[in-house]
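Working through the structure, step by step
Each chain, written out:
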Amino acid sequence: MAEPGFVREPFREIRQQHEADMLGMYIFLATEIMLFGGLFAAIFVVRVLHPIEVVEASRRLHYFIGAINTGILLSSSLAVALAVQAARAALARRAALFLVAAAALGVAFLGLKALEYSKEYDEGLLPVFSDPGRFSGPVEHLFMNLYLISTGLHAIHVTIGVLLLGGLALRLTGGALRLPDRVIVVEACGLYWHLVDVIWVFLYPVLYLAR
Amino acid sequence: MTDSNALDSRPDRNDPHDPGLSETMTERESYLRAGHTLRSWLLTTDHKRIAILYLITVTVFFFIGGAAAVLMRADLVTPQGDLLSNEGYNRAFTLHGVIMVWFFLIPSIPTTFGNFLIPLMIGARDLAFPRLNLLSWYIYMLGGLFTIYVLIAGGVDTGWTFYTPLSSMFANGHVVLVAVAVFIVGFSSIFTGLNFIVTVHKLRAPGMTWGRLRLFIWSHYATSLILVLATPVLSMTLVLMAAERLFGIGVFDPKLGGDPILFQHLFWFYSHPAVYIMVLPAIGVASELVAAAAHKPIFGYWFVAGSSIAIAIISFLVWGHHMFVAGQSMYASAVFSFLSLAVAVPSGIKIYNWTATLYKGHIALDPPFFFAASFIGLFVVGGLTGLVVAMMAVDVHVHDTYFVIAHFHYIMVGGTVSAYFGALHFWWPKMVGRTYFLVWGRLTAIFIFLGFNLTFFPQYILGYLGMPRRYHVYDPAFQVLNVLSSAGASILAIAYVLPFAYLIYSMRYGDPAGPNPWGVTGLEWTVPSPPPKENFAEIPVVTTGPYDYPMELESRDG
């Protein structure tokens, strides 16, 4: 099957170039997994060493907001998957529409997350700017430290993802990104968004459902 | 008279039509002359030019880090620490460590020789992502500028390991800024590793199967795997440390609910594999130099290649051997001790195979051979003392002493820096198209070997006798050995500066090298020296294995 597009300098054929681009993106995503991997390892160790206190701490999180957010991110992934399908069919306008929908869902996720942080702040659970005396003990304090760092880092990734998808939608509607020649760009950004989702799918049970 | 000879011969200096530049035709068509402006260098995507940019900057950082070492060795000549203040000494060894680890050792061989040679060795026109390659150099420069700023602004005193709670609660230097610098330079490493992996997978020339790859490629592939998988963990660790200092989100500070030992686990999960990031490329260089010096196929090709991958895998499972005295569980320590000893197996395989390669070879006593031989010797001593510190009981005795310092300098400086200079001497004619005076290369190798041993062997004895690391006021009984070590360091310093005189001289006045000055095999030696911008006029089709030297019959040896 002849694939569309043009061959850049070091490559000899389009298929080889496409495979290289995808492989590069997968390796980059592997580094992202390792970035969060260290945090997951730390959370896991705390859970194994102090099971009772961690369950106690986890009970105080708003798992309902987390559940809604999980649903929101999963739907946004569906939108991105549909956008990639549309891009492969060279339907730029439809692809842009799906991307905007996914980005909007990402913004909704961030809004809910902010709401959750503010509630936790009111309850004295957030380890920044709040009185450490309100924690029941050092384990709860450490758990909330790890909670804030990991969800905060994830929120930064969601923000980058929203900007990426929004920018992509603009370039598609403005014609700066030609389809189907440059479909690889949509695919790579889509992969990034899926990974951000998957990280949340792991964060949610590890933090909220470990009760 | 063949074509290539005509292209490589120097033009007649008395020719009135020649503007006086003693350029050969090959040089005029090479990557070095493909654009003369500064812009054409700073915005280049040619892997060879980026390699030269890295070569210059990495070397500058090597000398900055070396200057810090000179200060320390000068200070240690007297037991009272007369030269530097306590604070100043702490800052000198921290900067020495930070600059040497992250701005020299980790990027050194991959970003210069890896960048230059990987596409040439696998028959490609460039790396898979040329613009990403340039970006990684700019990211490296940004991290480097942060470090230089910290150097000027007053430095840090935590040691390169940034152990908490010292770094997070007590140190008053620019800890966060250095953490940012290391965080930034980590991305440069990740992009380089990513680029190499994709290039080796997707850009091999037709016929270049995995079994025909050079061992240099195999060890860079193993290095890239570690770069890509270990560096993000360090980034995370530094983010956690910075978050604690800046926002009071304490993952490591017991007062804020944290655990200081967690830092050591996360840090060494990166930093032990990082040791293999530094030494695996050097091992790859050594394999090339040994095969080239012996003019023989490498002995046990698949074992040498596989042992690089084995080292990369085991390297992720040994970090606990840095923590035998940090209150780690005895059973965990026993497992880490065993796994650390296991690293000796693939390392030993390499040593034996190099020796077997040299056996009955037609050894050319050229500078590359001198560097390779010195690498093997120092690597053996460093590796064997590595086994000593991997034993739990012995480590309790020598932990945090000069014994450990001597051990890792034998691997890092004796191994990696020797290989770096060996690679520089071996591929220099390829990079600039001119040969240097070989006798100077031999002398440099000998001086490095002697100066190095005089610097670091006394440190084994010092450490065994109980001199702790990171102290500059010490028991006067240790003075003789410290003076010996400082004397060796001055020889080493001269030996490191020396090559830059004759190598730079050779760029203008050296004889044209021709495509294959050492008479060895390999794709990079089939193209002109220096190579043209597109590397190969036509992508080659590979039909033979690596190190394809003619086999000799036993009877001819007599």
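In the block above lies the structure referred to throughout.
Predicted model, so just to flag it, every value in this text is computed and none were measured.

Helices and strands together make up the secondary structure of chain B, namely 19 helices and 0 strands. Relative to a compact globule of 558 residues, whose C-alpha radius of gyration would be 24 Å, chain B shows 24 Å and is just as compact. Oriented by its inertia axes, the alpha-carbon framework of chain B measures out at about 75 × 60 × 45 Å. Here chain B holds 558 residues, and 59% of them are scored as buried. Considering only contacts within chain B whose residues lie at least 6 apart along the sequence, 82% involve residues at least 24 apart. Approximately 21,100 Å² of chain B is accessible, and the part contributed by carbon and sulfur atoms is 70%.

Residues and elements named next belong to chain B. Summed over all chains, the structure comprises 4 cavities of 30 Å³ or more. In this structure, the largest cavity occupies an estimated 80 Å³ of space. Lining the largest cavity, in full, are Trp102, Ile106, Pro107, Pro110, Thr111, Tyr140, Val185, Ser188, Ser189, Thr192 and Leu227. Of all the secondary-structure elements, those providing two or more residues to the lining of the largest cavity are α6 (108–122) and α9 (175–202). No other element matches α9, which puts 4 residues into the lining of the largest cavity. Considered class by class, the residues forming the lining of the largest cavity number 7 nonpolar, 4 polar and no charged. Put simply, the second largest cavity is a space of about 60 Å³. Taken together, Leu289, Ala292, Ala293, His295, Ala364, Asp366, Pro368, Phe369, Phe426, Trp518 and Val520 make up the lining of the second largest cavity. Listing elements by their share of the lining of the second largest cavity, those giving two or more residues are α11 (260–294) and α15 (367–390). Considering every element that reaches the lining of the second largest cavity, the biggest residue donor is α11, with 3 residues.

For the rest of this paragraph, the subject is the packing of aromatic side chains. Aromatic ring pairs are described here by two measures, namely the spacing of the ring centres and the angle between the planes. All told, the structure shown has 57 aromatic pairs over all chains when counted by the stated rule. Arranged with centres 5.6 Å apart and planes meeting at 75°, the rings of Phe63(B) and Phe500(B) form a pair that is edge-to-face. Of this pair, Phe63(B) sits in helix α4 (residues 47–75) while Phe500(B) sits in helix α19 (residues 479–509), and the two are 437 residues apart along the sequence. Its end group placed over the ring of Tyr117(A), Lys113(A) keeps NZ or CZ at 5.2 Å from the ring centre. Looking at Arg49(B), its charged tip hangs above the ring of Trp41(B), at a distance of 4.0 Å from the centre.

All names here are of chain B. Following both chains from N to C, one finds α9 and helix α10 (residues 215–247) inclined at 155°, their axes separated by 8 Å at the closest point. When the interaxial angle is binned, α9 and α10 end up roughly antiparallel. Handedness of the α9/α10 crossing: left-handed. Looking at the contact of α9 with α10 residue by residue, the class counts come to 22 nonpolar, 8 polar and 1 charged.

Moving on, we get to the layout of surface pockets. Rolling a probe over the atoms, with the probe sized like a water molecule, indicates the empty space that remains. In this structure, the second largest pocket occupies an estimated 1,000 Å³ of space. Lining the second largest pocket are 26 residues, and of these Asp21(A), Met25(A), Ala188(A), Phe129(B) and Leu132(B) lie nearest its centre. Contributions of two or more residues to the lining of the second largest pocket are made by α1 (14–49), α5 (138–174) and α6 (183–207) of chain A together with α7 (130–153) and α9 of chain B.

Contacts between the two partners involve 36 residues from chain B, matched on the other side by 30 residues from chain A. Carbon and sulfur atoms supply 78% of the area buried between chain B and chain A, which totals about 2,700 Å² over both sides. On the chain B side of the interface with chain A, the three residues burying the most area are Lys202(B), Met236(B) and Ile249(B), jointly 21% of the side's total. Viewed at the interface, chain A and chain B are joined by 1 salt bridge. Between chain B and chain A we count 3 residue pairs in polar contact (both at pLDDT 80 or more) in total. At the level of elements, α9, α10 and α11 of chain B are the ones that each hand at least two residues to the side of chain B that touches chain A. Top element by residues in the side of chain B that touches chain A is α10(B). It accounts for 9 residues. The class makeup of the residues in the side of chain B that touches chain A is 26 nonpolar, 6 polar and 4 charged.

Residue and element names in this part refer to chain B. For the peptide bond that leads from Thr164 to Pro165, omega is 0°, which places it in the cis range. Following the sequence through the fold, Pro165 ends up in the loop between α7 and α8 (166–170). Looking along the chain, the bond that leaves Ser529 and enters Pro530 is cis, with omega of -10°. Phi at Lys360 is positive, roughly 60°, even though this residue is not glycine. Its place among the elements puts Lys360 in the loop between α14 (344–358) and α15. For Lys360, a relative accessible area of 45% gives the class partly exposed. At Asp400, a position not held by glycine, the phi torsion is positive, near 60°.

All names here are of chain B. Summed over the entire model, instances satisfying the criterion amount to 12 salt bridges over all chains. Between Asp366 and Arg442 there is a salt bridge, with the nearest N and O atoms lying 3.7 Å from each other. Separated by 76 residues along the polypeptide, Asp366 in the loop between α14 and α15 and Arg442 in helix α18 (residues 438–465) bring together distant segments of the chain. For Asp366, a relative accessible area of 18% translates into the label buried. Overall, the relative accessible area of 25% leaves Arg442 in the partly exposed class.

Each full turn of the α-helix corresponds to 3.6 residues, which orients residues three or four apart in the same direction. Residue and element names in this part refer to chain B. Remark: the principal bend of helix α17 (residues 402–432), roughly 45°, maps to Phe426, with a proline, Pro429, within the next four residues. Along α17, 30 of the 31 residues are buried, which leaves the element largely enclosed by surrounding structure. Two or three places before Phe403, at the opening of α17, Thr401 has a side-chain oxygen 3.1 Å from that residue's backbone nitrogen. Looking one or two places after α17, you find Gly433, whose phi comes out positive at around 85°.

Definitions and cut-offs
Residues numbered from 1 in each chain as written. Chains lettered and ligands numbered in written order. Predicted model: local features only at pLDDT ≥ 70, side-chain atom pairs only at ≥ 80, totals over all residues. Heavy atoms only, no water. Helix = DSSP H or I, 4+ residues; strand = E, 2+ residues; numbered from the N terminus. Rg over C-alpha atoms; globule rule 2.2 N^0.38 Å. Buried < 20%, exposed > 50% of the residue type's maximum accessible area, 1.4 Å probe, protein only. Contact = heavy atoms within 4.5 Å. Areas by Shrake-Rupley, 256 points an atom, 1.4 Å probe, with all protein chains shown as cover. 1 Å grid on protein atoms, 1.4 Å probe; cavity = no way out; pocket = protein on both sides within 12 Å on 5 of 7 lines; lining within 4 Å. Points joined across faces, edges and corners; volume = space filled by probe spheres on them. Nonpolar A, V, L, I, M, F, W, Y, C, P; charged D, E, K, R; others polar. Phe/Tyr/Trp six-rings, centres within 6.5 Å; stacked < 30°, edge-to-face > 60°. Lys NZ or Arg CZ within 6 Å of the ring centre and 35° of its normal. Axes fitted to C-alpha atoms, helices over the stretch in contact; angles between N-to-C directions. Parallel < 35°, antiparallel > 145°, perpendicular 65-115°, else oblique. Left-handed = near helix turned anticlockwise from the far one by under 90°. Buried area = accessible area lost by both parts, 1.4 Å probe. Salt bridge = Lys/Arg side-chain N within 4 Å of Asp/Glu carboxyl O. Polar contact = N/O pair within 3.5 Å; in protein donor to acceptor, adjacent residues only side chain to side chain. Bend = angle between axes of the 7 residues up to and from the residue.

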